[in-house]
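Coordinates in review
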Amino acid sequence: MATKKSKITKESIVSMYMNYTLEHNEKPKSVYLFTKMNDFTEAEFYSFFGNLENIETIVYDMFFEKTVELIHTDANYETYDMKSKLLSFYFTFFELLTANRSYVLMSLQQNKNQLKNLMQLSSLRTSFKNYIAEITTDEILIEQEKIQELQEKAIQESAWVQFLFTLKFWMEDGSAAFEKTDIYIEKSVKLSFDLMNIAPINSLIDFGKFIFKEKTQKK
C-alpha cells in the first residue's frame, strides 16, 4: 500500500529549506532541484513563495508570529505595562532564535555585505515596529499631537535599532544558556525606558559597565 503524501504547507516548505541549508551548508541552487529533492512540485512551491529568497524573509516573520502567539498565552500579558510586554517579547523571541541558532547564524553571516544579510529582516522590521506601536502607552508620549506623531516614529525606530544590537550581542554570546544575552536584554530595555522618562543616569552607568566588561573580557 502506497504511503500517503503529506500535505505541503508554507511551514513545511520553510522547514525543508532550513534543513537543506544546514545539511548542505549552502542555499538550494534552484526551485526545481529543491522541490525535486523534497518530493513536491514547483506548482506547490509557487503557491506559497515567488522565489527561494522569499523563504529567508518568511523564516524571521514566522519567528515573530510564533513569539506573539506564545506571549499571548500568558493570561496576565494584557495587564502588563509596555516595558514588561517588551521584555516578554524579547525573552520569547530569543528563545526561539536559540532553538534555531545554527540556521540563524548561518543565514545572517552568509554574505560579507552585512546589508544583504539584514535584508532578510526587512519584513520582521515592519512587524516589530507595528508591535512597538501597539504596545506604546499614552503615558510615555508627549501630549501635543504633532510632537506625539514624531515621538511614536522615533520610539519605533530606536526600538528596532536596539533590537539589532541585541541580535548582534546574542550572535556573539558564548555564555552558557546565553545568560549574558538575558542580562543584556534586561539592562538595555531598562535603559531605553529610563531615557524616555528622562531618568537615565543609573541605568546608563550600569549598562555601560556591563558592555565595557564584556568587551575587555573578549580581548
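The structure presented is a predicted model; accordingly, all values stated were derived computationally and were not measured.

1. Focus on the packing of helix 4 (residues 52-71) against helix 8 (residues 122-135)
Where helix 4 meets helix 8, the closest approach of the two axes is 7 Å, and the angle between their N-to-C directions is 25°. Considering the angle they form, helix 4 stands roughly parallel to helix 8. Here helix 4 contributes Thr57, Tyr60, Asp61, Phe64 and Ile71 to the contact with helix 8, which in turn contributes Ser122, Ser123, Leu124, Ser127, Phe128 and Tyr131. Taken together, the residues of the contact of helix 4 with helix 8 sort by class into 6 nonpolar, 4 polar and 1 charged.

2. Remarks on the packing of aromatic side chains
Each aromatic ring pair is summarised here by two numbers: the centre-to-centre distance and the angle between the ring planes. Throughout the structure, instances matching the rule amount to 27 aromatic pairs. A centroid spacing of 5.6 Å and a plane angle of 15° characterise the contact between Phe89 and Phe93, whose relative ring orientation is stacked. In this pair, Phe89 and Phe93 both sit in helix 5 (residues 82-99), 4 residues apart, roughly one turn of the helix. Looking at Phe89, the relative accessible area reads 0%, which means it is buried. For Phe93, a relative accessible area of 1% gives the class buried. On the basis of an interplanar angle of 55° and a centroid distance of 5.9 Å, the ring pair of Phe128 and Trp160 is categorised as tilted. Of this pair, Phe128 sits in helix 8 while Trp160 sits in helix 9 (residues 145-172), and the two are 32 residues apart along the sequence. Of the residues examined, Phe128 reaches a relative accessible area of 1% and is grouped as buried. Connected via pairs of aromatic rings, a cluster forms that spans Phe64, Phe89, Tyr90, Phe93, Phe94, Phe128, Tyr131, Trp160, Phe163, Trp170 and Phe178. Over the aromatic face of Tyr77 sits the side chain of Lys85, whose NZ or CZ is 5.4 Å from the ring centroid. Here Arg101 stacks its cationic end above the ring of Trp170, 4.6 Å away from the centre of that ring.

3. Quick notes on the environment of Asn100
Within the element layout of this structure, Asn100 appears in the loop between helix 5 and helix 6 (101-108). Sequence spacing of Asn100 and Phe63 is 37 residues, and the spatial spacing of their C-alpha atoms is 9.7 Å. Apart from the residues lying within four places of it in its own chain, the contact partners of Asn100 are Met18 and Phe63.

Rules behind the numbers
Residues numbered from 1 in each chain as written. Predicted model: local features only at pLDDT ≥ 70, side-chain atom pairs only at ≥ 80, totals over all residues. Heavy atoms only, no water. Axes fitted to C-alpha atoms, helices over the stretch in contact; angles between N-to-C directions. Helix = DSSP H or I, 4+ residues; strand = E, 2+ residues; numbered from the N terminus. Parallel < 35°, antiparallel > 145°, perpendicular 65-115°, else oblique. Contact = heavy atoms within 4.5 Å. Nonpolar A, V, L, I, M, F, W, Y, C, P; charged D, E, K, R; others polar. Phe/Tyr/Trp six-rings, centres within 6.5 Å; stacked < 30°, edge-to-face > 60°. Buried < 20%, exposed > 50% of the residue type's maximum accessible area, 1.4 Å probe, protein only. Lys NZ or Arg CZ within 6 Å of the ring centre and 35° of its normal.

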